[in-house]
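Survey of secondary and tertiary structure
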Amino acid sequence: NYFSRPSAGEYEEEDVDADRDDILEDMAALKKLATDYAHPERPVQTTDPTVFGRNYFDRASAPDTEEEDIDAERDDVLEDMAALKKLA
């Protein structure tokens, strides 16, 4: 073969080799993702403990938080209602 003889020069550059390696890494990652998508019965392996955390503030049963001025206004309205109820 003409290209495999010992006196043949290098026909690819280093940047082409680096690009090829990057493409092959991307292809391997995409193949793994495609396999995981096609087979959902396979277990998911995680080592990050934050994956299992819960956000207690955004759940549906969480009490709504209100600002202090709204709380003060509510207290004033309830006092006025109690005073009006006594007069009636």
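Residues numbered from 1 in each chain as written. Predicted model: local features only at pLDDT ≥ 70, side-chain atom pairs only at ≥ 80, totals over all residues. Heavy atoms only, no water.

Brief notes about the overall build of the protein
Note the cut-off: In this text, helices come from DSSP runs of H or I with a minimum length of four residues, and strands from runs of E with a minimum of two, each type numbered from the N-terminal end. Buried residues are those whose accessible area, probed at 1.4 Å on protein chains only, stays under 20% of the maximum for their type, while exposed residues exceed 50% and partly exposed ones sit between those limits. Computed with the Shrake-Rupley method and a 1.4 Å probe, the accessible areas treat only the protein chains shown as cover for residues.
Of regular secondary structure, the protein possesses two helices and zero strands. Counting all 88 residues of the protein, 1% fall into the buried class. Put simply, the protein shows about 9,000 Å² of open surface, and 56% of that area lies on carbon and sulfur atoms.

Regarding the pattern of salt bridges
Just so we agree on the cut-off: The salt bridge definition used is simple: a Lys or Arg side-chain nitrogen within 4 Å of an Asp or Glu carboxyl oxygen.
For the coordinates displayed, the defined rule picks out three salt bridges. Across the pair D17 and R20 runs a salt bridge whose closest N-O atoms are separated by 3.2 Å. In this pair, D17 and R20 both sit in helix 1 (residues 14-38), three residues apart, roughly one turn of the helix. On the basis of relative accessibility, which here comes to 28%, the residue D17 falls in the partly exposed class. Classification of R20 by relative accessible area gives partly exposed; the value is 37%.

Description of a nonpolar patch on the surface
This is how the line gets drawn: Like-charged residues are merged into a patch within 9 Å and nonpolar side chains (Val, Leu, Ile, Met, Phe, Trp, Tyr) within 5 Å, provided each residue has over 30% relative accessible area and no salt bridge.
Taken together, the side chains of I23, L24 and M27 define a hydrophobic patch exposed on the protein surface, amounting to about 300 Å² of accessible area. Relative to the helices and strands, I23 is located in helix 1. Assessed through its relative accessible area of 48%, I23 is described here as partly exposed.

A short note on a negative patch on the surface
For clarity, the cut-off: Counting rule for charge: Lys and Arg are taken as positive, Asp and Glu as negative, and neither His nor the chain ends is counted. In plain terms, the charge of a residue is placed at NZ if it is Lys, CZ if Arg, CG if Asp and CD if Glu.
There is a patch of like negative charges on the surface, built from E13, E14, D15, D19, D21, D22, E25 and D26. If you trace the backbone, D22 turns up in helix 1.

By themselves, these observations are geometric and do not establish any function.
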